[in-house]
Amino acid sequence: RIPEETRHLRKAQYTPPLSTSTYHLSYLARDEIRATAKLQDLAEALSAALDVLNRYLSSWEELVGAGVEAEGFASHPLHAYALTKHVSLGWPHVEASLRALSNRSQAIDFLLGRTRTRGVPTGEDLATVAGGLARLHDYYSLNLTALAHAQLVSAIDAHPVPVGITPTALDLHRIGSAAVSHNVLNSGVDFLRAALDRWDGNASSARSLDVFDARVDLDDVVKTFKKATKIHDQLLEKKGSRSKLHSTHASPLNKTLARKKKYHKKEEVHLGNLGAETQGMKQYLRLCRGEDLRPVSTTSRLPAATSCRWTRNVVTLEEVVTPLRGRPWSDRAQDSWRGRPPSGPTADHWRASLGRALREVSRSPWAVAVNYGVGGHFSVHHDHVHLGLVKDRMLTFLMYLTDVPQDIHTPYPPPSPSAPGGRTVFPWVGAGVRPKRGSTLLWYNMNRAGVPDLRVQHGACPVLVGDKWVMNKWINYGGQFHTLPCIPGDPSAAVLRPLD
Ligand SMILES: O=C(O)CCC(=O)C(=O)O
Ligand SMILES: [Fe+2]
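Residues numbered from 1 in each chain as written. Chains lettered and ligands numbered in written order. Predicted model: local features only at pLDDT ≥ 70, side-chain atom pairs only at ≥ 80, totals over all residues. Heavy atoms only, no water.

1. Section: the sheet that holds strand E13 (residues 468–476)
Stated precisely, the cut-off is as follows: In short, DSSP must find at least two bridges between two strands for them to pair. Strands here mean DSSP runs of E at least two residues long; helices mean DSSP runs of H or I at least four residues long; both are numbered from the N terminus. For helices, the fitted line uses only the C-alpha atoms of the stretch in contact; every axis is such a line through C-alpha atoms, and the angle between N-to-C directions lies from 0 to 180 degrees.
Pairing is antiparallel across the open sheet formed by five strands, whose spatial order is E3-E11-E8-E13-E6. Every interior strand has two partners, whereas the edge strands, strand E3 (314–317) and strand E6 (368–372), have only one. In this sheet, neighbouring strand axes are inclined to one another by 20° on average, regardless of whether the strands run parallel or antiparallel. Note that strand E8 (residues 393–400) and strand E11 (residues 440–444) share five bridges and pair antiparallel. The partner of methionine 399 across the bridge, within E11, is threonine 440.

So this is what it looks like as structure tokens:
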């Protein structure tokens, strides 16, 4: 029995959060195809009805002109003829067109139910998507001039991805304003400048996509741009180029300010243990852009094997997950993947503890699948959940279910294999990986004493093009604490012995 107060919950329709993932946006595109097909049919019926009604009404106007509304009009034989002709010939057409409209009442109900049952993006969704574009520019330095020429190009990777619909000056203004309102001032200033460059007076009415857009005049854009430039330099001067709440370019826009010595210093790198939060964010950004922050003395000592160990605590493993044939993983992401033990030159003691952990992975029904749409990211964090030793997330398996970028279902050529986006990066390790379908990243979140190892803080970089699916499987300490060997290879050396 469902308790009375929760019964209504079952009746409530589920409305997907539309701006959050490619999965939901693809759903929106499919729903829009259905809606517009119905609208097209409705528009044709309406236009046919409008034509009939206009003809009928103008025939009536002729009778009005001849005095049909006056008493005794129909007593004239030719008037009687004209009136009868008007109704007898015209009315069947009127009736047919009204019937055609009323036959579409189901289609109208379907269209009117869209917001309630299937979800329609709101102004907030639009601001989120615009903010996502601003974030992508912040991370990957998009070439905004190329964007106007139907090419999406990042400064990180020169390969262009064709754009089907280029942004108008109004769009650039909206994205710039969204960026400024989120304190992403570097992107805000750049997008607003691009809007000004593209402003040609008629820009706002140039495209049908803009017909429902609010009018903005040039003065507004200039004002917002000037204000954003000022705040940009003030924030940079006071708070530096990046914090949890803001971002700016590395140097001020004002040329005099930009000459200051402090803006010409080489960026420092802090590795090996937890540093300041803002330093972590800067390193996260650089890693997202594909840099490797580790010194050559470290990288040159790494094994050249495909299953590479980056540090004592983080490894990547190839081909850990394989798709079950014929099962659409995007619909059943939680259960359509199975684990299989890794192959490749993994050190023996890793193999031993991995074998056990992976058995745990495949036995457990509990894995968390996550889909990131364009701009989707996960800022720097740690996976432990402050539960203390028992029950905390001792080990993270992060399985990549897709390559990023990938050949998504678009008519455009797939983006270049070196395009940035979607990496998983570890700021204090100084390295990151690009998702590879089927491979897995594995790291310990705690040391053997159960203390969180903060060096493995990590983040997921925003997806630039494509779609990212990962599956997280956390191995909690609690479930295994009687059996996990303290010394690899010695199963008798358990951390805690059974209570008996
Ligand atoms: O998606 C990623 O690359 C990282 C995901 C992650 O860190 C998490 O879900 O805790
Ligand atoms: Fe995580």
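2. Quick notes on the coordination of the iron ion (ligand 2)
Definition in use: Here a donor is an N, O or S atom found within 2.8 Å of the metal, or within 3.2 Å if the metal is Na, K or Ca; sites may look incomplete because water is not among the atoms. Exposure categories follow from relative accessible area, calculated using a 1.4 Å probe and restricted to protein chains: below 20% of the type maximum is buried, above 50% is exposed, and the middle band is partly exposed.
For the iron ion (ligand 2), the full set of protein donor atoms is His381 (NE2), Asp383 (OD) and His458 (NE2), at a range of 2.1 to 2.2 Å. Of note, the iron ion (ligand 2) draws all its donor residues from one chain, in the sequence arrangement H-x1-D-x74-H. For the pair shown, histidine 381 and aspartate 383 are each scored as buried.

3. Regarding the confidence of the model for the protein chain
The criterion, for reference: On a scale of 0 to 100, pLDDT captures the predictor's confidence in every residue. In this analysis, two residues are considered to be in contact whenever any of their non-hydrogen atoms come within 4.5 Å of each other.
Averaged over every residue, the pLDDT of the protein chain is 79; residues scoring 70 or more account for 73%. At the low end of the mean pLDDT range in the protein chain sits strand E5 (residues 337–339), at 32; at the high end sits helix H3 (residues 77–102), at 97. Here residues 323–355 is modelled with pLDDT under 50, and outside its nearest four sequence neighbours on either side it reaches 63 contacts, counting other chains as well. Across residues 496–500, where pLDDT falls below 50, the model places five contacts with residues more than four positions away in sequence or in other chains.

4. Focus: helix H9 (residues 185–198)
Using the following cut-off: In this analysis, the expected span of each helix is defined as 1.5 Å times one less than the number of residues it contains.
An ideal rise of 1.5 Å per residue puts 20 Å on 14 residues; H9 measures up with 20 Å between its terminal C-alpha atoms. Of all 14 residues in H9, 10 are buried; the element is thus mostly enclosed. Among all positions of H9, only Leu185, Asn186, Ser187, Gly188, Val189, Asp190, Phe191, Leu192, Ala194 and Ala195 are buried. Those residues of H9 hidden inside the fold are in contact with helix H6 (123–140), helix H7 (144–148), helix H8 (169–181) and helix H10 (218–239).

5. Here we look at the site of ligand 1
Put simply, the test is: Note on definitions. A residue lies near a molecule or strand when any single heavy atom of the residue is within 4 Å of it. In the analysis that follows, any N or O atom pair within 3.5 Å is treated as a polar contact, provided that within protein one partner can donate a hydrogen and the other can accept it, and provided that, for residues neighboring in sequence, both atoms belong to side chains. Each accessible area is a Shrake-Rupley result for a 1.4 Å probe, and residues are judged covered by the shown protein chains and nothing else. Three residue categories are used. Nonpolar comprises Ala, Val, Leu, Ile, Met, Phe, Trp, Tyr, Cys and Pro, charged comprises Asp, Glu, Lys and Arg, and polar comprises the others, including Gly.
For ligand 1, the full set of nearby residues is Tyr372, Phe378, His381, Asp383, Leu398, Thr424, His458, Ala460, Lys468, Val470, Asn472 and Trp474. Within the contact set of ligand 1, an oxygen atom lies 2.6 Å away from a side-chain nitrogen or oxygen of threonine 424. Asparagine 472 is positioned with one of its side-chain polar atoms (N or O) 2.5 Å from an oxygen atom of ligand 1. Considered on its own, ligand 1 offers 300 Å² of accessible surface; in the complex 97% of this is hidden by protein. Per-element tally for the shell around ligand 1: the top contributor is E13, with four residues. Of the residues contributing to the shell around ligand 1, the split by class is six nonpolar, four polar and two charged.

6. Regarding unusual backbone geometry
Non-glycine residue alanine 150 carries a positive phi angle of around 65°. Position of alanine 150 among the secondary structure elements: in the loop between H7 and strand E1 (151–154). Accessibility expressed as a relative area gives 25% for alanine 150, which makes it partly exposed. The phi angle at asparagine 183 is positive, at roughly 60°, despite the residue not being glycine. Structurally, asparagine 183 is set in the loop between H8 and H9. Since its relative accessible area comes to 32%, asparagine 183 is described here as partly exposed.

7. Here we look at the sheet that holds strand E12 (residues 458–460)
Taken together, four strands build an open sheet; the order of strands is E7-E12-E9-E10 and the sheet is antiparallel. Of all the strands in the sheet, the pair left with one neighbour each is strand E7 (378–381) and strand E10 (431–433). Direction aside, the axes of adjacent strands within the sheet are offset by 15° on average. Of the pairings in the sheet, the one linking E7 to E12 comprises two bridges and is antiparallel in character.

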